[in-house]
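A closer look at the structure
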Amino acid sequence: MFEHDDNKFDFGRTQEIENDPVERLMRQPEETAQSVSGSYYSPRSGESGGGYIPPTGGYSDGSEPPKKKPHKGLKALALFAGVAFVAYASIQCYQYATENPSIRSFLGRQNSAVSEDADARPDSDADSSAKENADASDTSSSKAEPMSFFELTARKDAMTIPEIVKKVTPATVGVSSTFLLEGRQQMTYDPFSIFGFGGFGQQQTPDRELTGTGTGIIMRDNKDGSYYIITNAHVIYDSSEEYNMGLAKKVQVVLNPDYYPNASESGIEAEVKGYDTAEDIAVLKVKTDEKLTVAEFGDSNDLEVGEFVVAIGNPLGFELFGSVTTGIVSALDREVTIRDQSMRLIQTDTAINAGNSGGPLINCYGQVIGINSSKISSNYYSNEASVEGLCFAIPMTHAQKVINDLINYGYVTGPQIGITQSEDVDESIAQRFGLPVGVYVKGIEKGSAADRAGLQVGDIITAIDDVTVKDTDGLAAEKDKHEAGDTVTLTVIRQGNELKIPVTLTMNAPAGGAAEQAADQEENED
């Protein structure tokens, strides 16, 4: 912008200024400024040294700038070109929008755009073309929509997660077990002994009660006001190395207050009908005036790896009563050793914690297909990396036979060989050590059928009644086809020699804490 100094204006340049309209406007003589219209102050001008931008309304000093000849043809051509460009751009944008499913979905014109385009066509193929475009757009839209985790893992006719929860939660209970920890002799140090130098002594600690909590599943209505409830054996029987308190002195079943508001908060006293520590299954019996919901059970053999499952339980106690977690089946028939007992379990990645033991593992139909029993959670392979998402459940198909035996006999029955510990010799081990494929005997129960028949530790069983066995499961399956009292012939390899050993199967006796329970019952009956 032009700059000027009002204090040093040169009147000698009056004539030059008169000929220059800009300078004349800056002077703003009263006689020439009257007809100037529409002027505005420049934002760049300040209180000193500022200026005005000339208006577009022309000047009124009597002289006009020379007029340019109009180019009407050129203007018309430019106008036509602009209109054509705008029309072409509009058509291209419209076609792109109608062909792009994402934009159609965003604008909400997925169907209308296609129908308008079809109606505008005079030919008879308009309707068919519109239908093809609509079908194509529908297919594209469906492909573009991502599937949820539930849709990817559940079966087509599956229940929703809330439906599963409403169906099974009323059949899920809490189990509270009260154990007696007997007093023990403890070494003490007395700094004021009679010798004056301090000394050691022994002190008896008092007995005290400890309470453990778990989860249970209502499995049967006996139609007489009593119900059977299943849970894990370790919930009501403690065989830990630290305490080893044995069978709980009192077991109570706590109902979910959301479904049974009239139930006692302290729970219902339960009878231990039977349990087996090796199978980690226990059956409880309760009597109540409440009408309890019984769970529906499914076939665990029908499960597939990757299938959706739900777990319900009481993690970390009853403050989190009825917690629901979800996941998938990570593996089936997984061999896991727990407390020196080899078990074949369902592996899942559902969140399981202390207190979930004995709770239901549920399929997408709301059917119980497993009993949650254990997890691997901390520093399994190293001292630094923790382990999560490795949870295990007892398959319901296997548990059913155990449960029936516990209800009918109080312990697990069936033919027994008497092998307490074994290990599978698979193909890789056999090739590495030059051994036959089969079952390696690592432990034999004294006085059992195997002991009386002359079976020895170190023998490798390769067949039973000429039926080849490759692992412990195969041996057990063939054994279970017989009854106690039957004689079977075991083919064993001992120090490279093949032997045929006849074994007369015996009835399985109560194991672990169940033996103590059976003895107590006999004493009470006497």
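Heads up: the structure comes first, above all this text.
Residues numbered from 1 in each chain as written. Predicted model: local features only at pLDDT ≥ 70, side-chain atom pairs only at ≥ 80, totals over all residues. Heavy atoms only, no water.

A few points about the pattern of salt bridges
Oppositely charged side chains may form a pair once their charged atoms are brought near each other. Inclusion rule: The salt bridge definition used is simple: a Lys or Arg side-chain nitrogen within 4 Å of an Asp or Glu carboxyl oxygen. Numbering goes from the N terminus for both helices and strands, where a helix is a DSSP run of H or I of at least four residues and a strand is a run of E of at least two. Here the term buried applies to any residue with accessible area under 20% of the maximum for its type, exposed to any over 50%, and partly exposed to those in between, with areas from a 1.4 Å probe on protein chains only.
In the structure shown here, the tally under the stated rule is 15 salt bridges. A salt bridge links Lys 442 to Glu 423; the shortest N-O distance between them is 3.5 Å. With Lys 442 in strand β22 (residues 438–444) and Glu 423 in strand β21 (residues 419–425), this pair connects stretches of sequence that are 19 residues apart. Exposure remark for Glu 423: the relative accessible area of 39% places this residue in the partly exposed category. A salt bridge links Asp 480 to Lys 479; the nearest nitrogen and oxygen atoms lie 3.7 Å apart. A relative accessible area of 46% places Asp 480 in the partly exposed class. Overall, Lys 479 belongs to the buried group, its relative accessible area being 14%. Residues joined by salt bridges that share partners form a network here, namely Asp 333, Glu 335, Arg 344 and Asp 424.

Overview of the pairing of strand β26 (residues 497–504)
Quick note on the threshold: Whether two strands pair depends on DSSP finding at least two bridges between them.
Summarising the sheet, strand β25 (residues 487–494) and β26 pair through eight bridges and their orientation is antiparallel. Residue pairing across strands places Thr 487 opposite Thr 504, the latter belonging to β26. Hairpin remark: β25 followed by β26, antiparallel, with two residues in the connecting loop; positive phi at Gln 495, about 55°.

With respect to helix α9 (residues 161–168)
Counted only if it meets this: Directions from the helix axis toward the C-beta atoms define the arc. Contacts are residue-level and defined by heavy atoms, with any inter-residue pair within 4.5 Å sufficient.
All of the buried residues in α9 are Ile 164, Val 165 and Val 168. All buried residues of α9 fall inside an arc of 100° around its axis, so they share one side. Turned more than 90 degrees from where α9 packs its buried face, Pro 162 and Lys 166 sit exposed. Along its buried surface, α9 packs onto β3 (172–181), β14 (308–313), β15 (323–338), β17 (360–362) and β18 (368–376).

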